[in-house]
Amino acid sequence: MSIKFSVNGFPYEVQATDYAPDLTLNAFLRQHLQLTATKYMCLEGGCGSCVCVIRRRHPATNEVQPRAANSCLTLLNTCDDVDIITDEGLGNRLSGYHPIQKRLAQLNGSQCGYCSPGFVMNMYGLLEQHQGQVTMAQVEDAFGGNICRCTGYRPILDAMKSFAVDSDTAVPAECVDIEDSFELLCPRTGQSCQGSCSRPARRRQDPAPAHWHWPKTLTELFSALGQVASGELFMLVAGSTAHGVYRRPRGIRHYIDVQAVAELKQHSLETDHLLLGGNLTLTDAMELFLVAAKRPGFEYCAQLWQHFNLIANVPVRNNGTLAGNISIKKEHPEFPSDVFITFEALDVNVLVYDSPSSQRVMSLLTYLGDATPKLVIGGFILRAYPRERYLFSSYKILPRAQNVHAYVNAGFLVEWQDVQRHIVHSARICFGNIRPDYVHAQPLEQLLPGRDLYDPATVAQMFEQLRGSLQAEERPPEASPEYREMLACALLYKFLLATAPQELVRERYRSGGQLLERALSSGSQTFETIKQNYPVTQPVQKLEGLMQCSGEASYMNDLLTASNAVHCAFVTAKRVGATIQQIDATAALGCVGVVAFFAAKDIPGTNSFQTVSQLTPDADEIFAAGRVRYYDQPLGVIAALSQDTAVHAATLVRVTYANDQRPIYTSIGQVLAAKQQDRIVCLPKELPHLDSASGPPLAPGDVLGRGILELESQYHFTMEPQTTIVVPLDNVLQVWCSTQWMDGTQGSIAHMLKLDVNKVQLQVRRVGGAYGAKVTRANAVACAAALVAAKLNRPARFVQTIESMMESNGKRWACRSDYEFRARANGSIIMLTNNYYEDAGCNLNENVVDFLTMPALRNVYKLTNSNYKATGSAILTDAPSSTWCRAPGTAEAIAMTETALEHIAFSLQLDPADVRLVNLRSGSKMVQLLPRFLATTDYRKRREQINLFNAQNRWRKRGLGLALMEFPLNTTVGFTYPTTVAIYHEDGSVVVTHGGIEIGQGINTKAAQVAAFVLGVPLERVSVESSNTVSGANSMITANSMSSEMVGLAVRKACDTLNKRLEPVKRRLGKAATWLQILQAAYLQSVILIASDSYKLGDIPSYSIFGLSLSELELDILTGSHVIRRVDILEDAGESLSPNIDVGQVEGAFVMGLGYYLTELLVYDRQTGRILTNRTWNYHPPGAKDIPIDFRIELLQKSPNPVGFMRSKATGEPALCLSVGVLFAMQHAIQSARQDAGLPREWVRLGAPTTPETVVLNAGSQVQNFALN
Ligand SMILES: Cc1cc2nc3c(=O)[nH]c(=O)nc-3n(C[C@H](O)[C@H](O)[C@H](O)COP(=O)(O)OP(=O)(O)OC[C@H]3O[C@@H](n4cnc5c(N)ncnc54)[C@H](O)[C@@H]3O)c2cc1C
Ligand code: FES
Ligand code: FES
């Protein structure tokens, strides 16, 4: 059958058999239509970069529903009779931009821009779905599935909320009215789309072996099922989103699209029941819950809406269906389904078809246990539960605000026998994610009938019995059984606190019955701008902002190459410590579509993706050749005709190992515990020496103490994956690589292939997020792709999957500090020693210990050789070599020292601000800044208010955390950033190209601002072209926050040269001459209108960046969840070159730090070294609702940097160091809970990340204390 659909108004007709049966819409759009505005990263519904809008006719209501959808999950063959809209279809430079694209760009919501089209399309879907009538709260709620790693979300939310009916955001005048947005413009004509033209799509050559069926009725559906032979795999394709949780099996023979089967999409609301068709989407169901909630007996549907609103994210809910969700639960009993847990608590029945004419109604549990093949879920029957007789509530506790499966979920339904006396008739008490076979707390369900639910003895008995019945299963990376059991009890307790009559609940306990509520977020940005320097210091829009938001900006993987390109995937080693004896790729090479396999023996030159330098002294093998250094170390590469095939074939390569060496050590803790001295590499470099080992004698009131701070690693989570495309052209390899360091990538490819360096040429237009991940680790993929391209003499494309990136690539250096202190009664430090260890992974490349950590350790304090000693060691572990990650080493250094200061304050029972004040280094800028900051943030008053709040609330606690920073910007590694500026005599426009890389930090915008300022031309006349290895030869790394300033300086030098050359012409023509007249005259006189120069080592001396943050958060002590109520940041950016960009850098860095300290937990199997958190499903960077509710940024004013370029300071990384304040706010809050719990006053070891689990396990709560009064 052919499927007909339209994309941006263009009709298409494709034959299902022409394409792979499971081709996704994303692959079709990108590979076959070359519509690359729709990006991808995770391919599992967890990042949002692939969102587009699909308008589909509802088979039961006939209504056309526009909905945002994850194109990475949507199968092309389910797109019959739909209209697909991508970012290209909304607007572009020819037909004009769409208001959403414009506003996102104008309000600075795009940094690297890789996420931007996904945000635009999600917003477009939301507006279309609600005919433009959305509130700010709805908008803020809708982006749980869109991850942005750069911006910190605040500007994105501002831009999107500006479309809300209740918005008060000032909208730039140029943004046209939203009404215009509903008209889809034809990308070809720029006119309203008539849907009348067509384009052919490319077809694949080998027809697919699987069958697709598109039934329109139940009868047709069963006839399709009738064609499924016994033992054949089949799938009823609804939203096809389950693939985002558990991957579809390979070898499905029959795909049966159920989306057009009206019987499965019905609903009806009667007085005694609500029938929901099995394949209603979760969004459909939620809409019906809102309607039903207004009807007697169905009020509980309002709670169901709340609960469903926490399932997945908007695009997944728009497409994923009820039956699909329950089917996952049937196949994978451990799946913590929220649909199941709420429906089971409500005793929902399933309507099941065995055939079109035979239906059965059964309980959910019966359905899960029914092994009849080919059962079709027709619907779910929700009965009425009159409010007077029933009580229902449900809960889901998750590691971040949205878009994560539950730690534990729960549903409680109580039927009253006597509502006045709270006597229970029956109860259904269900918990999810305890163990696969655990649903009902049966002892409680048996205990409660006939009992007073709120009677103290009953309550005590309930918790005793519940605790005993749980026995949660150990299943990493899921949270610990201990926490999950505690959580289950806490949820039941919450239910009791929330539903019991007020007079039965002690006042201090009442707030424990509520979940934390999050108000709408907002922010303020304060900075200085200096008009006479415009456009430098002007808060301009990012140069490529609009192109990024409209999807016109291209990234490496958007590049078209010839159709003979091959795709690559790593084959990895699984036995750490063993030697690779033999690699057998026969099975992989036998797969249809596999072209080649290469391993270490195929490398003609050096088997290392590092060019050896001071920073990278060790070789990093491209492919393991001997001993396996870490789990999932690449040992070869598969080249195939598609990425899917390459990834699958890579799993078929068999490896034989010898000389297994055990045990292995994959963490600092393991190395220290086993005293593996040869793995502890002390890196002494200008270590301060404590003059006397023990410090001066103790005086009365002095304290001494010691502590340990552990900061785990962090995954960079770039939205653009590691990507390289290599095309052999003439006798040169043309390389498009997502790298932060062209010179390093070029060199490592050339050395690997034994080529002259000039035979490898790179071009980098922009990189979709880097944060250190693409300094040297981009080279691993680049070398593998280059080897494939060189060996096969055809284009090679290597886009690493998220699993591969998380498994094989190095991450942030984990850190541990063992510190000891003595302090006077006023907090002044007499002695502080810090033995710190940082996890290098399997070699010392990109060392941070002495290079970046040590110089930052003293921070702003009087830590001298007479009161301070630090010893730093790198720890060698059996893990991928660690790499730099935003503020590498420095963030850890500042966290260590700030933690020691907090600990001292805690020990002396002093205000942490006072302890900081007495220890400030005299002469430090912080001496002025701190008192001012404490005053402007109302620090003292808020601390008092918080203490009062904490005294009044047993289960809710607030905390305030201060952090100070002196970030030493080390410019001694910035050797050269060549830059070229050219002026075109034809019209006077200017182009700049430089050796830095635009990674979202705004280097191009700053370069253009400088060029416009120095040459005296309007900013619009300046553009910045791709970086490349000809004009940008030998360029240094774009990292360490410094490149923008250094490139800016190089631009100024080149512009000065041009000005000098033009000066005589200007003089001759006189003041009245225009820019164009000057240029044309200069051209005729052979004045060279192109100039190159470079930043040189020492042009900008090293300097310090100061910053302060104050974070206030609130904890739910029962669940460990938190909200960040307010954050104030004051950062010294000198005279900011580009305030919008610098504010964005500060916000983005701080929010990345929030992830580091609060949500981003990496879990490993310590026996094998395998990482268990390798997907968006189980690794959680912050989302849009994890940011501070009130986020105030101030760039210090009237604070020129005397040594900085144009008096500016760098902003890219420092603010990440300020996020550590949230740990101190946590400590403040947790201490209050511990005091209430009667625990002795002890410092709690909180590190990175401090998750809800850490909070609960340290807060001292005991289930036996869960009483109402
Ligand atoms: C990023 C992400 C986050 C998620 N988070 C959560 C979460 O927090 N909580 C939660 O509960 N879920 C979560 N989910 C799961 C989500 O709810 C399911 O993916 C979705 O409901 C599946 O529905 P579908 O229509 O897409 O199923 P499909 O993927 O189309 O199908 C799944 C299975 O259901 C079967 N099936 C489909 N229709 C029928 C039918 N009528 N009768 C019998 N079998 C049928 C199919 O044969 C197939 O085996 C998440 C999913 C993703 C991708
Ligand atoms: S690529 Fe589709 S959600 Fe990540
Ligand atoms: S701008 Fe959002 S990920 Fe870079």
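What you see is a predicted model, and the numbers here were worked out from it, not measured in a lab. The written sequence of each chain sets the order in which its residues are numbered from 1. Whichever chain is written first is A, and whichever ligand is written first is 1; the rest continue in order. The predicted origin of the model limits local features to residues at a pLDDT of at least 70 and limits the giving and counting of side-chain atom pairs to 80 or more, whereas totals for whole chains, interfaces and linings rest on all residues. Water and hydrogen atoms play no part in the side-chain values, which are based on all heavy atoms of the structure.

Engineer: Would you explain the overall build of the protein chain in this entry?
Structural biologist: Regarding its fold elements, the protein chain presents 34 helices and 42 strands. Over its C-alpha trace the protein chain gives a radius of gyration of 31 Å, about what one expects of a compact globule, namely 33 Å for 1269 residues. With the C-alpha coordinates of the protein chain rotated into their principal frame, the extents come out at 95 × 85 × 70 Å. Sequence separation of 24 or more characterises 78% of the internal contacts of the protein chain that already satisfy a separation of 6 or more. Here the open area of atoms and residues is found with the Shrake-Rupley method and a 1.4 Å probe, where only the protein chains shown may cover a residue. Carbon and sulfur atoms make up 50% of the accessible area of the protein chain, which amounts to about 43200 Å² in all. Across the protein chain, 115 positive and 121 negative side-chain charges occur, with their mean positions spaced 3 Å apart. Secondary structure counts use DSSP, requiring at least four H or I residues in a row for a helix and at least two E residues in a row for a strand, with both numbered from the N terminus. A radius of gyration in this sense is built from C-alpha atoms; the matching globule rule multiplies 2.2 Å by the number of residues raised to 0.38. Here a residue-residue contact requires only that any non-hydrogen atoms of the pair lie within 4.5 Å. Residues scored as charged are limited to Lys and Arg (positive) and Asp and Glu (negative), so that His and the chain ends carry no count. Charged side chains are reduced to one point each, which is NZ for Lys, CZ for Arg, CG for Asp and CD for Glu.

Engineer: How should I be thinking about the site of ligand 1 in this particular structure?
Structural biologist: Taken together, the neighbourhood of ligand 1 is formed by 36 residues, with Ser 240, Thr 241, Thr 321, Asp 338 and Lys 396 sitting nearest. Between an oxygen atom of ligand 1 and a main-chain N or O atom of Leu 236, the distance comes to 3.0 Å. Residue Ala 238 places a main-chain N or O atom 2.9 Å away from an oxygen atom belonging to ligand 1. Within the complex, 94% of the 980 Å² of free accessible area of ligand 1 lies under protein. Contributions of two or more residues to the shell around ligand 1 are made by strand E7 (234-237), helix H10 (314-319), helix H11 (322-331) and strand E13 (376-383). Counting residues per element, the shell around ligand 1 draws most heavily on H11, which supplies five residues. Taken together, the residues of the shell around ligand 1 sort by class into 18 nonpolar, 15 polar and three charged. By convention in these notes, a residue is near a molecule or strand provided one of its non-hydrogen atoms lies within 4 Å of it. In the analysis that follows, any N or O atom pair within 3.5 Å is treated as a polar contact, provided that within protein one partner can donate a hydrogen and the other can accept it, and provided that, for residues neighboring in sequence, both atoms belong to side chains. Gly falls in the polar group here, along with every residue not listed as nonpolar (Ala, Val, Leu, Ile, Met, Phe, Trp, Tyr, Cys, Pro) or charged (Asp, Glu, Lys, Arg).

Engineer: Whenever I open this one, the nonpolar core confuses me. Can you help?
Structural biologist: What tends to happen in soluble globular proteins is that the nonpolar side chains get buried as a cluster. Nonpolar core, defined: a set of buried Ala, Val, Leu, Ile, Met, Phe, Trp, Tyr and Cys residues in which side-chain atoms within 4.5 Å join the residues together. Each residue is placed in one exposure class: buried if its accessible area under a 1.4 Å probe, protein chains only, is under 20% of its type's maximum, exposed if it is over 50%, and partly exposed if it falls in between. Ranked by internal contacts, the top residues of the largest apolar core, which has 258 residues, are Phe 431, Leu 492, Tyr 1157 and Phe 1266. Counting residues per element, this core draws most heavily on helix H16 (residues 481-499), at twelve residues. Excluding residues within four positions of it along the chain, Phe 431 makes contact with Ile 341, Val 408, Asn 409, Ala 410, Phe 412, Tyr 438, Val 439, Ala 441, Leu 466, Ala 488 and Leu 492. One finds Ala 750, Cys 783, Ala 785 and Phe 798 within the second-largest nonpolar core, a separate group that totals 45 residues.

Engineer: Which parts of the structure should I look at to understand the sheet that holds strand E37 (residues 1090-1096)?
Structural biologist: Pairing between the strands of a sheet comes from backbone hydrogen bonds, and it takes one of two forms, parallel or antiparallel. In short, DSSP must find at least two bridges between two strands for them to pair. With mixed pairing, four strands are arranged side by side in an open sheet as E35-E34-E33-E37. Each edge of the open sheet is held by one strand with a lone partner, namely strand E35 (1022-1024) and E37. Neighbouring strand axes in the sheet, compared pairwise and without regard to direction, differ in orientation by 20 degrees on average. Here strand E34 (residues 990-994) pairs with E35 via three bridges, running parallel. Bridge pairing links Val 990 to Val 1022 in E35. Note on definitions: angles span 0 to 180 degrees between N-to-C directions of axes, and those axes are lines fitted to C-alpha atoms, for helices only across the stretch in contact.

Engineer: Can you help me understand the environment of Thr 724 in this one?
Structural biologist: With respect to the helices and strands, the residue Thr 724 is situated in strand E25 (residues 723-729). Residue Thr 724 is classed as buried on the basis of its relative accessible area of 0%. Taking the C-alpha atoms as reference points, Thr 724 and Ser 738, separated by 14 residues in sequence, lie 6.3 Å from one another. Leave out the neighbours within four places in its chain, and Thr 724 touches Val 735, Trp 736, Cys 737, Ala 778, Val 781, Ala 782, Ala 785, Ala 796, Arg 797 and Phe 798.

Engineer: Mind showing me how you'd approach the sheet that holds strand E36 (residues 1027-1028) here?
Structural biologist: With respect to topology, eight strands assemble into an open sheet ordered E20-E21-E18-E28-E25-E26-E27-E36, the strand pairing being mixed. Looking at the sheet topology across the chains shown, the edges are occupied by strand E20 (594-599) and E36. Of the pairings in the sheet, the one linking strand E27 (residues 760-764) to E36 comprises two bridges and is antiparallel in character. Within E36, the position partnered with Gln 763 by the bridge is Asn 1028.

Engineer: I would appreciate a short explanation of the pairing of strand E38 (residues 1103-1116) in the present structure.
Structural biologist: Each regular strand carries side chains that alternate between the two faces of the sheet. Burial analysis of E38 places 13 of its 14 residues in the buried class, the great majority of the element. Relative to strand E39 (residues 1122-1131), E38 is paired through nine bridges, and the arrangement is antiparallel. Looking at the pairing, Leu 1110 lines up with Asp 1128 of E39. Here E38 folds back onto E39 in antiparallel fashion, the turn holding five residues, of which Gly 1120 has a positive phi close to 85 degrees.

Engineer: Would you explain the confidence of the model for the protein chain in this entry?
Structural biologist: Detailed reading of the predicted coordinates is not advisable wherever pLDDT is low. Confidence of the predictor in every single residue is expressed as pLDDT, which spans 0 to 100. Per-residue pLDDT for the protein chain averages 94, and the proportion of residues at 70 or more is 96%. A low-confidence stretch, residues 178-182 stays under pLDDT 50, and its non-local contacts, those more than four residues away or across chains, total ten contacts. Here residues 194-207 scores under 50 on pLDDT; set against residues more than four positions off or in separate chains, the count is 28 contacts.

Engineer: Looking at this structure, how should I read the pattern of salt bridges?
Structural biologist: Working definition: two side chains of opposite charge can pair if their charged atoms are close together. By convention in these notes, a salt bridge is any Lys or Arg side-chain nitrogen within 4 Å of a carboxyl oxygen on Asp or Glu. One pass over the structure, following the stated rule, counts 69 salt bridges. The salt bridge partner of Asp 702 is Arg 824, with a shortest N-O separation of 2.5 Å. Here Asp 702 is found in the loop between strand E23 (680-682) and strand E24 (703-711), whereas its partner Arg 824 is found in the loop between strand E29 (815-823) and strand E30 (829-841), with 122 residues between them in sequence. Residue Asp 702 is classed as buried on the basis of its relative accessible area of 14%. Among the residues examined, Arg 824 registers a relative accessible area of 29% and is labelled partly exposed. With its nearest N and O atoms 2.6 Å apart, the salt bridge here joins Asp 1132 to Lys 1209. You can see Asp 1132 sitting in the loop between E39 and helix H32 (1139-1159) and its partner Lys 1209 sitting in the loop between strand E42 (1190-1195) and helix H33 (1221-1236), a full 77 residues away along the chain.

Engineer: What exactly am I supposed to notice about the packing of helix H26 (residues 912-919) against helix H27 (residues 926-936) here?
Structural biologist: The geometry of a pair of packed helices is captured by two quantities: the angle between their axes and the separation between those axes. With their axes 10 Å apart at the nearest point, H26 and H27 run at an angle of 160 degrees to one another. For the element pair H26 / H27, the angle class is roughly antiparallel. The handedness of the crossing between H26 and H27 is left-handed. Each of Ala 913, Arg 916 and Leu 917 in H26 lies in contact with H27, whose residues at this interface are Leu 930, Pro 931 and Leu 934. Throughout, the term roughly parallel applies to angles under 35 degrees, roughly antiparallel to angles over 145, roughly perpendicular to angles from 65 to 115, and oblique to all others. By definition, any crossing whose near helix is turned counterclockwise from its far helix by less than a right angle is left-handed, and any crossing with a clockwise turn is right-handed.

Engineer: For this particular structure, what's the right way to read helix H6 (residues 154-161)?
Structural biologist: Helical geometry: 3.6 residues make up each α-helical turn, so side chains three or four residues apart lie on a common side. Most of H6 is tucked away, with eight of its eight residues classed as buried. Turning to H6, its buried residues number three or more, namely Arg 154, Pro 155, Ile 156, Leu 157, Asp 158, Ala 159, Met 160 and Lys 161.

Engineer: Sorry, what's going on with the side chain of Arg 916 here?
Structural biologist: Of note, Arg 916 is situated in helix H26. When sequence neighbours within four positions are dropped, the list of residues in contact with Arg 916 reads Tyr 861, Glu 898, Leu 901, Glu 902, Leu 930, Leu 962, Leu 964 and Phe 1224.

Engineer: Sorry if this is basic, but what is going on with helix H19 (residues 643-650) here?
Structural biologist: Looking only at H19, the buried set comprises Gln 643, Thr 645, Ala 646, Ala 649 and Ala 650. Angularly, the buried residues of H19 cover 160 degrees about the axis, an arc narrow enough to put them on a single face. When we speak of the arc, we mean the arc of directions from the helix axis to the C-beta atoms.

Engineer: What exactly am I supposed to notice about the pairing of strand E18 (residues 566-573) here?
Structural biologist: Within E18, eight of the eight residues are buried, leaving the element largely enclosed by the surrounding structure. The alternating pattern of E18 places Val 566, Cys 568, Phe 570 and Thr 572 on one face and His 567, Ala 569, Val 571 and Ala 573 on the opposite face, and all of these are buried. Pairing analysis gives two bridges linking E18 to strand E28 (residues 796-799), with the strands arranged parallel. The residue bridging His 567 from the neighbouring strand is Arg 797, located in E28.

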